[in-house]
Amino acid sequence: MMLWLAHFFPREDWAVVQRQLSLGALDTLWVDPPGYFGRASYARHVRIAFANYGVSLGLQSQDVWPQRVQAVNDHFERWRSGDEYDREAITWVMACCAHFPGAFVDEKVESALIAD
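Just so we're clear, the structure is a prediction, and the values are computed from it rather than from any experiment.

Thresholds applied
- Residues numbered from 1 in each chain as written.
- Predicted model: local features only at pLDDT ≥ 70, side-chain atom pairs only at ≥ 80, totals over all residues.
- Heavy atoms only, no water.
- Core = buried A, V, L, I, M, F, W, Y, C linked by side-chain atoms within 4.5 Å.
- Buried < 20%, exposed > 50% of the residue type's maximum accessible area, 1.4 Å probe, protein only.
- Helix = DSSP H or I, 4+ residues; strand = E, 2+ residues; numbered from the N terminus.
- Contact = heavy atoms within 4.5 Å.
- Disulfide = S-S within 2.5 Å.
- Salt bridge = Lys/Arg side-chain N within 4 Å of Asp/Glu carboxyl O.
- Expected span 1.5 Å × (residues − 1).
- Arc of directions from axis to C-beta.
- Polar contact = N/O pair within 3.5 Å; in protein donor to acceptor, adjacent residues only side chain to side chain.
- Axes fitted to C-alpha atoms, helices over the stretch in contact; angles between N-to-C directions.
- Parallel < 35°, antiparallel > 145°, perpendicular 65-115°, else oblique.
- Left-handed = near helix turned anticlockwise from the far one by under 90°.
- Nonpolar A, V, L, I, M, F, W, Y, C, P; charged D, E, K, R; others polar.

Novice: Would you mind going over the nonpolar core with me for this structure?
Specialist: If you look at soluble globular proteins, the nonpolar side chains tend to sit buried side by side. Counting 23 residues, the largest nonpolar core has Leu26, Phe37, Tyr53, Leu59 and Phe76 as its most contacted members. Where this core is concerned, the elements lending two or more residues are α1 (2–6), α2 (13–29), β1 (30–31), β2 (36–37), α3 (49–62), α4 (66–78) and α5 (89–99). Examining the composition of this core, we find that five residues originate from one element, α3, more than from any other. Other than its neighbours up to four places away in sequence, tyrosine 53 contacts Asn73, Phe76, Glu77, Thr91, Trp92, Met94, Ala95, Ala98 and His99.

And the structure:
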């Protein structure tokens, strides 16, 4: 979520720091294969579709790691946890946002110009 929020203000100090910290943390959580971000450093095996779709949107808003974005989106199209989160609508809303980011990321250019 913070990557996505930071993309609206790419030159502000807090956004620059948030981007660096987020990408550093995410890099340590990357599990490939099969291509997802683990829940935490002590629980890299835990896969949460909702959270990974949120990371996908954040990465797209920052225009970084397109191969990881594709891997995450592909992985969670096939993988199911078997719990209630597979049935929760919010997971699938986030999946749609990750697959079709549209205005969620298109606004970054305009907002960067407004910030000047």
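Resuming the write-up.
Novice: What am I meant to see in the state of the cysteines here?
Specialist: Chemically, a disulfide is nothing more than a covalent bond linking the sulfur atoms of two cysteines. Under the counting rule described, the total for this entry stands at zero disulfides. Note on cysteine 96: no disulfide assigned, nearest cysteine sulfur contributed by cysteine 97 at a separation of 6.9 Å.

Novice: Help me understand the pattern of salt bridges in this model?
Specialist: For side chains of opposite charge, pairing can occur when their charged atoms come near one another. Per the counting criterion, the structure on display carries one salt bridge. Aspartate 27 serves as the salt-bridge partner of arginine 68, at 2.9 Å between the closest nitrogen and oxygen. With arginine 68 in helix α4 and aspartate 27 in helix α2, the pair connects residues that are 41 residues apart, well separated along the chain. The exposure class of arginine 68 is buried, given its relative accessible area of 18%. A relative accessible area of 40% places aspartate 27 in the partly exposed class.

Novice: So what exactly am I meant to see when it comes to α4 here?
Specialist: Each full turn of the α-helix corresponds to 3.6 residues, which orients residues three or four apart in the same direction. Look at α4: 19 Å from first C-alpha to last across 13 residues, which is about the 18 Å you get at 1.5 Å a residue. Taken together, the buried positions of α4 are occupied by Arg68, Val69, Val72, Asn73, His75 and Phe76. Each buried residue of α4 lies within a common arc of 165° when the element is viewed along its axis, so the set occupies one face. Counted as exposed and oriented over 90 degrees from the buried face of α4: Pro66, Gln67 and Arg78. Summarising the contacts, the buried residues of α4 are in contact with α2, β1, β2, α3 and α5.

Novice: Honestly, the side chain of asparagine 73 in this entry has me stumped. Any pointers?
Specialist: With respect to the element layout, asparagine 73 can be found in helix α4. Accessibility expressed as a relative area gives 6% for asparagine 73, which makes it buried. Side chain to side chain, asparagine 73 and serine 56 meet in a polar contact 3.1 Å long. Residues in contact with asparagine 73, not counting those within four places in the same chain, are Tyr53, Ser56, Gln60, Ala98 and His99.

Novice: Is there a simple way to explain the packing of α3 against α5 in this structure?
Specialist: A pair of packed helices is captured by two measures, namely the crossing angle of their axes and the spacing between those axes. Interhelical geometry of α3 versus α5 gives an angle of 25° and a closest axis separation of 8 Å. Here α5 runs roughly parallel to α3, going by the angle between their axes. When the axes of α3 and α5 are compared, the crossing they make is left-handed. Between α3, through Ala49, Phe50, Tyr53, Gly54, Ser56, Leu57 and Gln60, and α5, the contact on the second element is made entirely by Ile90, Thr91, Trp92, Met94, Ala95, Cys97, Ala98 and His99. Residues belonging to the contact of α3 with α5 are distributed by class as follows: ten nonpolar, five polar and no charged.

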